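Architecture at a glance
Each chain is listed here by its residues.
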Amino acid sequence: MTALVALLFTWVSVAQSRTELRIAEQGQITNRFTAAINNLGSDSEDVRLGGIYALQRIMLDSARDQPTIVTVLTAYARRHARVPASGFAKERQEEIEQSLESPVKLAADVQAVLSVLADRSADHDERTILDFRHTDLRGVEVFTRRKTPEHGAAFRAASFDEADLRHSAFDGVDLRHASFAGSNLAAARFDEGTCPTP
């Protein structure tokens, strides 16, 4: 009887320790998430880059937080690379021709957002849609290093409506069901098998 009581006590102690460990881990992730979000608001591009890559690390450590992080990162891209209110379609013809000859280089932090999202596993997105509507993504280079069965699924059904994608390059990224309504795709490059479908 004593042995049974001791065994029961041990089992309860182990279960309690696991619960406390899980709570502590969630607390650490919350603290890391808060710090990363604060970094995104910095005036320093280097600090913002640190925040973006910190969110990538959290996605790897906590699948349940991935939908929130995907939403935060796409909102960041829309805010920091917004198509002007006048719209690229209203640019003067000379400016359009000049931009085709000398493509604009995308800001490093916005490029990092696209790279982080392209390299994630889309399995944990739940119903999150990548929303890049009205973003100025000229010169963005998007590729995935994933060599798993879900390789390239990261941008499936993404919305690039009214986005400026001149001189963009997509390599190994599945764009099936992605929306490009009203977007500018002049000089955009899509490798074989990743072309957007209607």
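Now for a description of the structure that goes with this document. (Residues numbered from 1 in each chain as written. Predicted model: local features only at pLDDT ≥ 70, side-chain atom pairs only at ≥ 80, totals over all residues. Heavy atoms only, no water.)

1. A few points about the pattern of salt bridges
Within the structure shown, the criterion is met by eleven salt bridges. In this structure, the salt-bridge partner of R32 is D61, at a minimum N-O distance of 3.0 Å. Here R32, found in helix α1 (residues 2-40), pairs with D61, found in helix α2 (residues 45-61); they are 29 residues apart in sequence, far enough to count as distant. Overall, D61 belongs to the partly exposed group, its relative accessible area being 37%. A single salt-bridge network, built from bridges that share partners, covers D136, R138, D164 and R166. (Salt bridge = Lys/Arg side-chain N within 4 Å of Asp/Glu carboxyl O. Helix = DSSP H or I, 4+ residues; strand = E, 2+ residues; numbered from the N terminus. Buried < 20%, exposed > 50% of the residue type's maximum accessible area, 1.4 Å probe, protein only.)

2. Some details on the packing of α2 against helix α3 (residues 66-80)
At their nearest, the axes of α2 and α3 sit 9 Å apart, and the two run at 155° to each other. One finds that α2 runs roughly antiparallel with respect to α3. The hand of the α2/α3 crossing is left-handed. Within the contact between the two elements, α2 uses R48, I52, L55, I58 and M59 and α3 uses Q66, I69, V70, V72, L73, Y76 and H80. Taken together, the residues of the contact of α2 with α3 break down into nine nonpolar, two polar and one charged. (Axes fitted to C-alpha atoms, helices over the stretch in contact; angles between N-to-C directions. Parallel < 35°, antiparallel > 145°, perpendicular 65-115°, else oblique. Left-handed = near helix turned anticlockwise from the far one by under 90°. Contact = heavy atoms within 4.5 Å. Nonpolar A, V, L, I, M, F, W, Y, C, P; charged D, E, K, R; others polar.)

3. Thoughts on the sheet that holds strand β3 (residues 189-190)
Spatial ordering of the open sheet is given by β1-β2-β3, a layout of three strands whose pairing is parallel. Of all strands in the sheet, those bounded by a partner on one side alone are β1 (141-143) and β3. In this structure, strand β2 (residues 169-171) lies alongside β3, joined through two bridges in parallel fashion. Across the sheet, F170 pairs through a bridge with F190, a residue of β3. (Pairing = 2+ DSSP bridges.)

4. Considerations on the side chain of T128
For T128, the position within the fold is in the loop between α5 (108-118) and β1. The buried category is assigned to T128, whose relative accessible area is 18%. Separated by 2.8 Å, the side chain of T128 and the backbone oxygen of D125 make a polar contact. Those residues in contact with T128, other than ones at most four positions away along the chain, are P67, V70 and T71. (Polar contact = N/O pair within 3.5 Å; in protein donor to acceptor, adjacent residues only side chain to side chain.)

5. Remarks on the nonpolar core
By size, the foremost hydrophobic cluster in this structure holds 38 residues, and its most contacted members are L114, F132, L137, F155 and F160. Contributions of two or more residues to this core are made by α1, α2, α3 and α5. For L137, the residues in contact, after removing those within four places along its chain, are L106, V110, L114, F132, F160, D164, L165 and S168. (Core = buried A, V, L, I, M, F, W, Y, C linked by side-chain atoms within 4.5 Å.)

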